Amino acid sequence: MTNKFRTLDDVDVKGKRVLLRVDLNVPMENGRVTDATRLERVAPTITEISDKGGKVILLAHFGRPKGRDAKDSLKPVAEALSKVVKKPVAFADDCVGEPAATAVAGLNDGDILCLENTRFHKEEEKNDPAFVAKLAKLGDIWVNDAFSAAHRAHASTEGLGHKLPAYAGRTMQAELDALEKALGSPTKPVIAIIGGAKVSTKIDLLENLVTKVDALVIGGGMANTFLHAQGVAIGKSLAEKDLAPTALRIMEKADAANCAIILPVDATVAYHFAANAPSHAYGLDAIPADGMILDVGPQSVARVHAAIDDAATLVWNGPLGAFEMQPFDRGTVAAAKHAAERTKARKLVSIAGGGDTVAALNQAHVAGDFTYVSTAGGAFLEWMEGKPLPGVEVLRIK
């Protein structure tokens with residue numbers, strides 16, 4: 001895949017000012033980083049450029065500030081990052097203008113500097129050409145290592161790629177390689193597991209996938225909408241009943257494309273949406289009128305396992321049930337563990353992404369056993385929908 005893109009293998013960074021776009025949008029509590037996963041992901045690119053004598057100038061956003069706001073400063077994140085990369089990370093209290101220019105001018109080869117939140121300037125999200133030019137003045141080359149922001153055409157995520165020589169960082173490169181293995185040129189047969197609450201947020205995704213995969217497992221609240229569309233009485237279960245025609249259209253499209261749609265054949269039902277609520281497995285012909293489907297049932301889990309066994313490649317986005325509450329995490333956890341075992345046995349390439357998915361795999365203690373787990377929510381979804389991502393397209397070798 002990455003032979004289609006310029007990477008760090010294509011450039012000598014020694015003595016160069018490298019504007020490196022990274023994702024530092026980490027969870028914080030009381031001024032402290034509570035999960036350093038994203039910092040750990042970008043550390044190899046930062047370290048490599050620094051070790052090769054490049055001047056590392058980090059560009060990133062944090063939160064959704066409306067102008068300058070101290071609570072959205074990257075300063076505490078820069079301090080946490082220095083512990084992860086085990087090198088000093090200097091900080092400039094703006095990303096353009098005199099503070100940034102002075103800080104950049106003071107860099108020696110191998111130094112690391114983090115510039116303040118790019119979104120303190122409204123021109124960042126507007127991809128304003130004058131703002132892009134101000135940023136470009138600070139660097140000799142631009143490296144994009146923030147796949148998670150690649151679906152945004154902002155100044156620091158896309159605009160700079162038109163002003164400076166542009167390259168993919170190692171995190172971006174790993175993501176692009178994984179995505180190519182998942183849907184670009186995968187080993188067949190390919191299965192997708194798509195879960196979550198709502199069909200409405202994943203219509204484009206489902207319509208794209210049925211043309212790309214051999215089997216599509218649908219779980220979570222989304223499955224209830226499909227079951228309802230087929231005339232199954234789903235009691236008080238979460239469903240978007242008005243989307244029944246959409247569900248049927250997707251099923252017809254899948255049929256035409258020879259993609260098998262795998263829906264639950266039984267369900268775990270409770271009467272209250274609460275952790276440890278009494279529950280029971282029912283066949284689809286016996287869902288109680290006042291019950292709620294909160295997870296797939298044991299027969300459905302066995303069916304998902306069989307589908308995984310038949311596949312060479314798995315793409316996963318979204319849980320199979322209300323996984324955040326026990327015991328309604330059982331279906332998701334069982335399927336995740338099964339996919340992890342197949343991956344460890346080298347019988348499956350497994351690619352997963354999306355916030356809930358990552359949380360579910362962590363809950364099952366198998367995230368490290370999947371071939372690749374993407375922490376990029378929106379960008380991962382848009383890529384799965386078949387949409388071009390501006391921050392990736394600008395890195396293509398023309």
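Keep in mind that this is a model prediction, so the values were computed, not measured.

1. Some thoughts on the packing of aromatic side chains
Inspection of the entire model under this criterion finds 2 aromatic pairs. Centre to centre, the rings of Trp316 and Phe370 are 6.2 Å apart; their planes meet at 50°, and the pair counts as tilted. In this pair, Trp316 sits in strand β15 (residues 313-317) while Phe370 sits in the loop between α12 (355-363) and β17 (372-374), placing the two residues 54 residues apart along the sequence. Since its relative accessible area comes to 1%, Trp316 is described here as buried. Taking 6.1 Å as the distance between ring centres and 40° as the angle between the ring planes, the aromatic pair formed by Phe380 and Trp383 counts as tilted. Of this pair, Phe380 and Trp383 both sit in helix α13 (residues 377-384), 3 residues apart, roughly one helical turn. With relative accessibility at 0%, the residue Phe380 sits in the buried group. Overall, Trp383 belongs to the buried group, its relative accessible area being 16%.

2. A word on the pairing of strand β6 (residues 112-115)
Where burial is concerned, the two faces of β6 agree: the one with Ile112 and Cys114 and the one with Leu113 and Leu115 are both buried. Two strands pair when backbone bridges link them, and strand β4 (residues 55-59) and β6 are joined in this way by 3 bridges, in the parallel orientation. Residue pairing across strands places Leu58 opposite Cys114, the latter belonging to β6. Bridge analysis of strand β5 (residues 90-92) against β6 gives 3 bridges, and the strand direction is parallel. When the bridges of β6 are listed, Phe91 appears paired with Cys114.

3. As for the environment of Glu180
Residue position: Glu180 is located in helix α6 (residues 170-184). Using a relative accessible area of 15% as the deciding quantity, one classes Glu180 as buried. Each C-alpha atom of the pair Glu180 and Pro88 lies 35 Å from the other, and the pair is 92 residues apart in sequence.

4. With respect to the nonpolar core
Residues Leu115, Phe147, Leu160, Ile194, Leu209, Leu216 and Phe226 are the most contacted members of the largest nonpolar core, which totals 75 residues. It is α6 that provides the largest number of residues to this core, a total of 6 residues. Not counting chain neighbours up to four residues away, the residues in contact with Phe226 comprise Val199, Leu206, Ile218, Ala247, Ile250, Met251 and Leu263.

5. So, the pattern of salt bridges
According to the stated counting rule, one finds 17 salt bridges in the structure shown. Among the ionic pairs, Asp140 bridges to Arg17, the shortest N-O distance being 3.2 Å. One end of the pair, Asp140, is in the loop between α5 (129-136) and β7 (141-144); the other, Arg17, is in strand β1 (residues 17-21), with 123 residues separating them in the sequence. As a salt-bridge pair, Arg342 and Asp309 come within 3.5 Å of each other at their nearest N and O atoms. Here Arg342, found in helix α11 (residues 330-344), pairs with Asp309, found in helix α10 (residues 298-310); they are 33 residues apart in sequence, far enough to count as distant. Salt bridges linked by common partners bring Asp9, Glu48, Lys52 and Arg170 together as one network.

So, how was this worked out
Residues numbered from 1 in each chain as written. Predicted model: local features only at pLDDT ≥ 70, side-chain atom pairs only at ≥ 80, totals over all residues. Heavy atoms only, no water. Phe/Tyr/Trp six-rings, centres within 6.5 Å; stacked < 30°, edge-to-face > 60°. Helix = DSSP H or I, 4+ residues; strand = E, 2+ residues; numbered from the N terminus. Buried < 20%, exposed > 50% of the residue type's maximum accessible area, 1.4 Å probe, protein only. Pairing = 2+ DSSP bridges. Core = buried A, V, L, I, M, F, W, Y, C linked by side-chain atoms within 4.5 Å. Contact = heavy atoms within 4.5 Å. Salt bridge = Lys/Arg side-chain N within 4 Å of Asp/Glu carboxyl O.

By themselves, these observations are geometric and do not establish any function.
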